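So you can see what is in the structure, the chains are spelled out below.
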Amino acid sequence: MTLRVGVIGTGGMGREHIANLSVLDGVEVAVVADIVEKSAASAAASCGASASTDPAALAVDATLDAVVIASPDDTHAALAITAIQSGKYVLCEKPLASTAEDAGRVVDAERAAGRDLVQVGFMRQYDPSHLQLDAAMSGLGALRHLRCVHRNTNHQWERPLELVFSQSLIHDVHTARWLSASEFTSVVAQVVSGPRPVEHVALLGAMENGSTVTIEFVEATYGYDVEVEATCEHGVAVAAQPPQPLIRSDGVQHRHIGDDWFGRFAEAYRKEVEDWVAGILDDRVNGPTAADGLAAQRVVDAAIRSASSGRREAV
Ligand code: NAI
């Protein structure tokens, strides 16, 4: 059987998923849709798919088994609900929705369908260094504290804090929920502005299992750099940086960091779609679910409230 997949949104992430799906046995990227005709056409040509400028029609296309949603954040919830109602499996890029309310509507649609159909694109859960950290933590006793540092290459964007939280910090929120196997109960977040509305965010979260989480986010310009460190009862584990050759040249030695998520998480994006497809063939969702997407969005919403109230906010 060939799994026929449609891809909505043919920008950076849509094309990453198209490339990774196209090399899988038994998978055909059959239709791609984007509101920009030229973009849909060139992405379609890259994989032999047909092109469409009607994303909602793709979501109900009865010839497709599954849909990837990689269009802008505020389109996710409505497209996911349409795809669920037409019985399709969905890989929805993060965030599941722009607000917890809309994320809740996606979860409700799944409940009405009677089964999980949506996987959310929290791909760090597939990153080898995050998986190694998870395994290392299991030998170190109870988690006390998790520290996530997210330095985002940003030479040009001026994002309001709501977008920084729902687009970027939400990855670290999912990492914390996944690695701690626990839920945030409250958060306090502080935002430092500079030339941009958000230069730096410091978030402190309390978890149901008694551990704490700090998320430090910085709009940096030197490279895309993600770190995670777990302090446990019997020791500390730090996620390894991806293997890179040590280069000595011109009187200095260095290792390449890279300046975007495509390089840093290339393997994670590959494993993510592989596991999504494997799940569909077993008639289930293997990866992060819509419920995970909703839980992460609730933390983000509480953090946004805290950034403006200056107080600790319950999740
Ligand atoms: P992008 O701007 O490169 O591409 C978005 C594409 O969607 C564009 O081709 C645009 O023409 C198209 N589009 C706009 N409105 C549309 C609509 N109503 N229906 C269909 N297509 C529409 O953006 P990028 O970076 O590819 O982001 C796409 C999604 O992926 C976003 O939700 C973003 O938050 C998420 N993302 C996830 C990452 C991850 O690490 N998992 C990394 C980067 C983005």
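Everything in this summary refers to the structure shown in the same document. (Residues numbered from 1 in each chain as written. Predicted model: local features only at pLDDT ≥ 70, side-chain atom pairs only at ≥ 80, totals over all residues. Heavy atoms only, no water.)

Looking at the site of the ligand
Rule in force here: It suffices for a single heavy atom of a residue to lie within 4 Å of a molecule or strand for the residue to be listed as near it. The term polar contact refers here to a pair of N or O atoms within 3.5 Å; inside protein, the definition further demands a hydrogen-donor-capable atom paired with an acceptor-capable atom, and it admits residues adjacent in sequence only when both atoms are side-chain atoms. In short, Shrake-Rupley with a 1.4 Å probe defines the accessible areas, and a residue's cover is counted only from the protein chains shown. Side-chain classes are defined by residue name, with Ala, Val, Leu, Ile, Met, Phe, Trp, Tyr, Cys and Pro counting as nonpolar, Asp, Glu, Lys and Arg as charged, and the others, Gly among them, as polar.
In the neighbourhood of the ligand, 24 residues make up the surrounding shell, with Met-13, Asp-34, Asp-73, His-76 and Tyr-269 lying closest. Within the side chain of Asp-34, an N or O atom sits 2.6 Å from an oxygen atom of the ligand. In this structure, His-76 approaches the ligand through a side-chain N or O atom, which is 2.9 Å from an oxygen atom. When isolated, the ligand has an accessible area of 850 Å², and the protein chains bury 76% of it. A breakdown of the residues in the shell around the ligand according to their chemical character gives 10 nonpolar, 10 polar and 4 charged.

A word on the packing of helix H5 (residues 100-113) against helix H10 (residues 290-309)
Here is the rule: As a rule, the C-alpha atoms of each element are fitted with a line to give its axis, helices using only the stretch in contact, and angles between N-to-C directions run from 0 to 180 degrees. Numbering goes from the N terminus for both helices and strands, where a helix is a DSSP run of H or I of at least four residues and a strand is a run of E of at least two. Roughly parallel refers to an angle under 35 degrees, roughly antiparallel to one over 145, roughly perpendicular to one between 65 and 115, and oblique to any angle outside these ranges. Less than a right angle of anticlockwise turn of the near helix away from the far helix marks a crossing as left-handed, whereas a clockwise turn marks it as right-handed. Any two residues whose heavy atoms approach within 4.5 Å at even a single point are treated as in contact.
For the pair H5 and H10, the least separation of the axes is 9 Å and the interaxial angle reads 165°. With respect to each other, H5 and H10 are oriented roughly antiparallel. In this structure, H5 meets H10 at a crossing whose hand is left-handed. On the side of H5, the interface is formed by Ala-100, Ala-103, Gly-104, Val-106, Val-107 and Glu-110, while H10 contributes Ala-290, Ala-291, Leu-294, Gln-297, Arg-298 and Asp-301. Its residues assigned to classes, the contact of H5 with H10 comprises 7 nonpolar, 2 polar and 3 charged.

Quick word on the pairing of strand S7 (residues 143-153)
We apply this condition: The classification of residues rests on relative accessible area computed with a 1.4 Å probe and restricted to protein chains. Under 20% of the type maximum is buried, over 50% is exposed, and intermediate values are partly exposed. Note on pairing: DSSP must find at least two bridges between two strands before they are called paired.
With respect to burial, S7 is a largely interior element, 8 of its 11 residues being buried. Strand direction decides the pairing type here: S7 and strand S11 (residues 225-232), joined by 8 bridges, are antiparallel. Considered in S11, the bridge of Cys-148 is made with Val-228.

Observations concerning the pattern of salt bridges
Filter applied, for reference: A pair is scored as a salt bridge if a Lys or Arg side-chain nitrogen falls within 4 Å of a carboxyl oxygen belonging to Asp or Glu.
The full count for this structure, using the stated rule, is 18 salt bridges. In this structure, the salt-bridge partner of Asp-127 is Arg-264, at a minimum N-O distance of 3.1 Å. One end of the pair, Asp-127, is in the loop between strand S6 (118-120) and helix H6 (128-137); the other, Arg-264, is in helix H8 (residues 261-264), with 137 residues separating them in the sequence. By the burial criterion, Asp-127 is buried, and Arg-264 matches it. For the salt bridge of Arg-151 with Glu-227, the shortest nitrogen-to-oxygen distance reads 2.5 Å.

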